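# A structural walkthrough
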Amino acid sequence: RTCLLLPYFESSSGTKQVQGLRVEGGEGHGPRKEFFVAASSDALRRWAEPNIAPPNDAPHANIRVVCHGHSLSLEPLESLDRQTLEDRQVWHCLAQARAGDKLTLEFITGTLVDRIVTGRQGHGTATIFLNEPLGDGSSSPSSLSRCMLYKPSLSLFEFHRGTGQMWFSTCSSQLSGSDGPVQRRRLRSFGKLLALALANNCKISFMLPVIFFRIILQRGQMFALADLQGFDDVLHSSLKKVLKMKQAQFAALKEMEQMPVGMSRMEYVNEQVTSILLPEAMSDVQSGFWSLLGEDALGGISASDLRQIVCPTETSTDNFDIRRVFKVSMEDEMMECPPFVEAFWSVLDGFTLEEKRQFLAFVTGVALPPEPGTERLVIELPFSAFSQEEHEAMLHMLPQAHTCTNTLELPNYHDALLLSGRLPEDANPKMMATELKHLLGDKLRLAIKESAGYELDAVGMEEEEDVFVPKPPSPPRTPFEEKRRPSSASRLGGSSLRSSLVTASSTSVAAAGEPASLRLTGGFAARGQRLVLPEAVDQSDSLNRPESPANPQDGGSFSSPADATLLYPKI
């Protein structure tokens, strides 16, 4: 059955523990949205987790190599007997490289390069051939400090030219080979992820065409040539011509493609349509999707509706207007200060597309905008200052955000400029507007670019027998319910420690009768933290409630089932 996920990010400096793991304090809809973006991005990954040598938390190596054109030569292993452990780790990592692998090489000079391995030669003194030259092509000795070896991985989806969106990759249809069981498990898991995204009011990281969701919803239905129109117009046109082929031409086509001699033109066209729209992979996605939903759970929901709910509404290249995307709610104190409001929108409107996406990630947890008009953006001024010193301190504060409620907390830079003495007493409104815009722009850009993690959102802790147990998520704060004095503590908090990124699942996947199979390697992999999902709330009934709030966190607090378990899924 579907459930409400409550994920946490593991962090060695976290303020609480969940199932024996120390995690960041943030909880709720922000980490939840980040989970679905990262988990769905896994379906597009082309490389497995890297073998990093030496590990990131170990000292750098200093191993000698010779770069010559497209090749990289290693010293004999025997010459490393007196070298450090880190040097030997790099040598053995490179010795495992084979054609088709990807190498990320970090030289002792700090240079970082990515290359694809095209071949190798030798054993003791190995030479690795690469797809592009290293350096200027001359033979020169260098030293490596670290290397990362990536083995190829089979993606489930790839770019489809007909729709400009994603569709099943050729690899996802190769389900009978040695990789078949793993691919089928990944496909079923992706179907479950779609069902969970629906229940959690979250979106995946990429677009799928409407017909994908038609097939998901209309199990057992056969599709005809007309269904290809708008999905793959070139193929649709070609198959229409097959229906008008002369008998001799059609016979030659069947012979070339090793089709039965007695196959008719219409049978040939229908088989081609079925192979495109109903590959084996689709049945596995359907199986995973419906394993978490009741038969009547989606009554009245069309394919377009389902796509709109779980897929992003904007592509990565589309610009967008934040005021059009969100219902913006500003605290009265800010609304009563037109210069501050004008400066704020002037800064946001001046953001580049990349800065807008960083702003969305900072405030909402994900870099893609929601469906226009479905979520609120709350702007608060929660900090108080009374003395001149406190106003001066406020000028050095950075904005904060609560991704659970899409809340941006701003220091009152306007009053701080007036009362700190930063501006001369005879400063005119134009000078104030210029300084305010400059200050707000600098602080907001710094916050969205440098902030990481959820630790500032930590909730209360209860300690029992030296084990920290998080309280159940509390309802969002009543807007503007308190004012806080500024402090000198950094407002950038959070952890950026690197470790493996792994998911943990709860009763949602276990209910389907098979191990969880989600592994996060894309999307937000840069966070480099394990994602823990210790709690779940049954949400199957909520799918039939059209009045459910656009922001799931608006529903109040959530309880945790007693049998919630921690599984380590893999793909």
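No experiment lies behind these values; they were computed from the predicted model shown. (Residues numbered from 1 in each chain as written. Predicted model: local features only at pLDDT ≥ 70, side-chain atom pairs only at ≥ 80, totals over all residues. Heavy atoms only, no water.)

The next point concerns the overall build of the chain. The helix and strand inventory of the chain stands at 17 helices and 21 strands. The buried share of the chain, reckoned over its 571 residues, is 49%. Contacts spanning at least 24 positions in sequence make up 75% of the contacts within the chain whose residues lie at least 6 apart. Working note: accessible area of the chain is about 26500 Å², and carbon and sulfur atoms make up 52% of it. (Helix = DSSP H or I, 4+ residues; strand = E, 2+ residues; numbered from the N terminus. Buried < 20%, exposed > 50% of the residue type's maximum accessible area, 1.4 Å probe, protein only. Contact = heavy atoms within 4.5 Å. Areas by Shrake-Rupley, 256 points an atom, 1.4 Å probe, with all protein chains shown as cover.)

With that settled, the discussion passes to the packing of helix 12 (residues 338-349) against helix 16 (residues 429-450). With their axes 9 Å apart at the nearest point, helix 12 and helix 16 run at an angle of 50° to one another. In terms of their interaxial angle, helix 12 and helix 16 are classed as oblique. Crossing of helix 12 against helix 16: the hand is right-handed. Two secondary-structure elements touch here, helix 12 through P339, F340, A343, F344, S346, V347 and L348 and helix 16 through L436, K437, L440, G441, L444 and R445. Residues that form the contact of helix 12 with helix 16 fall into these classes: nine nonpolar, two polar and two charged. (Axes fitted to C-alpha atoms, helices over the stretch in contact; angles between N-to-C directions. Parallel < 35°, antiparallel > 145°, perpendicular 65-115°, else oblique. Left-handed = near helix turned anticlockwise from the far one by under 90°. Nonpolar A, V, L, I, M, F, W, Y, C, P; charged D, E, K, R; others polar.)

This structure, assessed with the given rule, holds 15 aromatic pairs. With centroids separated by 4.9 Å and ring planes inclined at 50°, the aromatic side chains of F157 and F190 adopt a geometry described as tilted. Here F157 is found in strand 12 (residues 157-160), whereas its partner F190 is found in helix 3 (residues 180-199), with 33 residues between them in sequence. Its relative accessible area of 2% is what places F157 among the buried residues. For F190, a relative accessible area of 3% gives the class buried. Between F157 and F206, the aromatic rings sit 5.7 Å apart at their centres with planes inclined by 45°, giving tilted as the arrangement. In this pair, F157 is assigned in strand 12 and F206 in the loop between helix 3 and helix 4 (210-217), connecting sequence segments 49 residues apart. (Phe/Tyr/Trp six-rings, centres within 6.5 Å; stacked < 30°, edge-to-face > 60°.)

One finds F157, F190, L208 and F212 to be the most contacted residues of the largest nonpolar core, which totals 57 residues. With eight residues, the single largest contributor to this core is helix 3. Not counting residues up to four positions away in its chain, the partners in contact with F212 are F157, W167, F168, F190, L194, M282 and V285. C337, W345, F362 and L417 belong to the second largest nonpolar core, which has 42 residues in total. (Core = buried A, V, L, I, M, F, W, Y, C linked by side-chain atoms within 4.5 Å.)

This brings us to the environment of G69. In this fold, G69 is placed in the loop between strand 6 (63-68) and strand 7 (71-74). For G69, a relative accessible area of 14% translates into the label buried.

With respect to topology, four strands assemble into an open sheet ordered 14-15-17-16, the strand pairing being mixed. The sheet is open, and its two edges are formed by strand 14 (326-330) and strand 16 (400-402), each paired on a single side. Direction aside, the axes of adjacent strands within the sheet are offset by 20° on average. (Pairing = 2+ DSSP bridges.)

If you check helix 7 (residues 265-277), its first and last C-alpha atoms are 18 Å apart, about what 13 residues at 1.5 Å a residue would give, namely 18 Å. For helix 7, every residue scored as buried is listed here: Y268, V269, Q272, V273 and L277. Down the axis of helix 7, the smallest arc covering the buried residues is 150°, so these residues share one side. Each element contacted by the buried residues of helix 7 is listed here: strand 13 (165-168), helix 4, helix 5 (233-243), helix 6 (247-256) and helix 8 (280-290). (Expected span 1.5 Å × (residues − 1). Arc of directions from axis to C-beta.)

Per-residue pLDDT for the chain averages 77, and the proportion of residues at 70 or more is 75%. For the chain, helix 17 (residues 507-510) is the element with the lowest average pLDDT, namely 28, and helix 12 is the one with the highest, namely 94. Contacts from residues 456-526, a stretch scored under 50 in pLDDT, to residues over four places away or in other chains number 203 contacts. Predicted confidence for residues 542-571 stays below pLDDT 50, and this span has 84 contacts to residues more than four positions away or in other chains. (pLDDT = per-residue confidence, 0-100.)

In this section: helix 12. The end-to-end C-alpha distance of helix 12 is 16 Å, a good match for the 16 Å that twelve residues give at a rise of 1.5 Å each. Here helix 12 has its buried residues at F340, V341, A343, F344, W345, V347 and L348.

Every regular strand shows the same layout, with side chains that alternate between the two sheet faces. Every second residue of strand 6 is oriented toward a common face, the buried set being I63, V65 and C67 and the non-buried set R64, V66 and H68. Here strand 6 runs beside strand 7; their pairing, made up of four bridges, is antiparallel. Its bridge partner being in strand 7, C67 is matched across the sheet by L72. Between strand 6 and strand 7, which pair antiparallel and follow one another directly, the connecting turn spans two residues, one of which, G69, has a positive phi of 60°.

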